[in-house]
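A look at the structure
Each chain, written out:
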Amino acid sequence: MKRILALDGGGIRGVFSLEILLRMQTLLRASSGAPDMVLADHFDLFAGTSTGAIIATCLCWGMTVEAILDLYVRFGKIMFTPVPWYRPFKKVLVSRYEARPLSEFLQRLFSEDDDGRIPALLDSKRLRKSLLVVVRNHSTGSAWPLTNNPQALYNNCALPDCNLRIPLWKVVRASTAAPVYFDPEEITLDQRSYVFVDGGITPYNNPALIAGLTAVLPCYNMNWEPGPDKIRMISVGTIGFSSGLPEKVRRLWLGYNAAKIPAALMHGVAWQQDFLCRCLGQCIYAENLDSEVGDLVGMPLPGKNWFSYVRYNKSYGTETLRQLLLKHRNLSRLDAIQAIPALQELGRTYADEHVKLEHLV
């Protein structure tokens, strides 16, 4: 069986995902009798968007979950280094945080010599399995799911703009370039420069669907045989927060909506992506989508299932979210560094209750 691990975007809330991944790693080590096993030994394709791109690339690099979690805890504050007070126009009009600390962190992490002098490219042999990172090409207005698959159309080394020549750290940085939070990332291909921003503003902040399509559709040239007994998809979220607006109509003025609508659209798209994965795949485990659809676990659906599907995530409705935020202020924010301990606790509790070995194998 081929196995895919797909990791959502969500900023520092990736810590929640990492606690789930830690539980997965623990169960697989116990089951295999290999105490040094890493998730790159178990999964065949890692897919990630934004913070999920960082985690997916680290896992594909062969890192343990403990090591990645330690990076988030130790360097989270550095990765969110505020733009200094003496650059007020940039802070207000461009981005809240400096891109340089995050870029330097990724350059050191994804280098062939471990100190950033020789940058690893997208085709680096240090990537132990297939990798998919979602970015948005702002210059063309399109989503780019970049992979290290040598058979992919734009990974042909004979092309002057072959994607495999892009430094790996730039691919990951581009996927994390959340508008308002970080500057865009510029990448040059065959003497033409493109501006890239966070993959989270594509339909693939949850990259599970595009990962499944990449695996089975002939146009992507991975050509995995579809079937619930052939492919297992594990999709891990970063906590779902309600986009409900329990406000009176008179409060829904232009400025209020301008701030709330992007999050509402992203929430709706993420829900739809999960729904489609449960319809195209055979859903083994997931929480309820809503009170009408339910969770679709074990439900026979028309057509052939392309993969078996597991979705790990915790969603909070409007009222439960309000109660949670009273206890952990700003928990829902991408840059909630002070909430790391709370995110770890929530992730650990969720993982202990929901992650089972039978979902993984």
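Scroll up to find the structure this text is about.
None of these values were measured; they are calculated from a predicted model. (Residues numbered from 1 in each chain as written. Predicted model: local features only at pLDDT ≥ 70, side-chain atom pairs only at ≥ 80, totals over all residues. Heavy atoms only, no water.)

1. Concerning the packing of aromatic side chains
If you walk through the whole model with that rule in mind, you get 15 aromatic pairs. The interplanar angle of 50 degrees and the centroid separation of 6.0 Å between the aromatic rings of tyrosine 285 and tyrosine 312 together place this pair among those described as tilted. Remark: tyrosine 312 occurs in strand β10 (residues 308-312) and tyrosine 285 occurs in strand β9 (residues 282-285); sequence separation between them is 27 residues. For tyrosine 312, a relative accessible area of 0% translates into the label buried. Grouping aromatic residues by their ring pairs yields a cluster made of Phe80, Tyr97, Tyr181 and Phe182. The ring of tyrosine 181 has arginine 96 sitting right over it, with the charged end atom 5.0 Å from the ring centre. (Phe/Tyr/Trp six-rings, centres within 6.5 Å; stacked < 30°, edge-to-face > 60°. Helix = DSSP H or I, 4+ residues; strand = E, 2+ residues; numbered from the N terminus. Buried < 20%, exposed > 50% of the residue type's maximum accessible area, 1.4 Å probe, protein only. Lys NZ or Arg CZ within 6 Å of the ring centre and 35° of its normal.)

2. Concerning the environment of asparagine 288
Mapped onto the secondary structure, asparagine 288 falls in the loop between β9 and β10. Distance in space between the C-alpha atoms of asparagine 288 and histidine 138 is 34 Å, their sequence separation being 150 residues. If near-sequence neighbours (up to four positions away) are discounted, asparagine 288 is found in contact with Arg278, Gly294 and Asp295. Here the side chain of asparagine 288 touches aspartate 295 through a polar contact of 3.3 Å, landing on its backbone nitrogen. (Contact = heavy atoms within 4.5 Å. Polar contact = N/O pair within 3.5 Å; in protein donor to acceptor, adjacent residues only side chain to side chain.)

3. Topic: helix α10 (residues 340-354)
With 15 residues, α10 ought to run about 21 Å at 1.5 Å a step, and its terminal C-alpha atoms sit 21 Å apart, in line with that. All of the buried residues in α10 are Ile340, Ala342, Leu343, Gln344, Leu346, Gly347, Tyr350, Ala351 and His354. (Expected span 1.5 Å × (residues − 1).)

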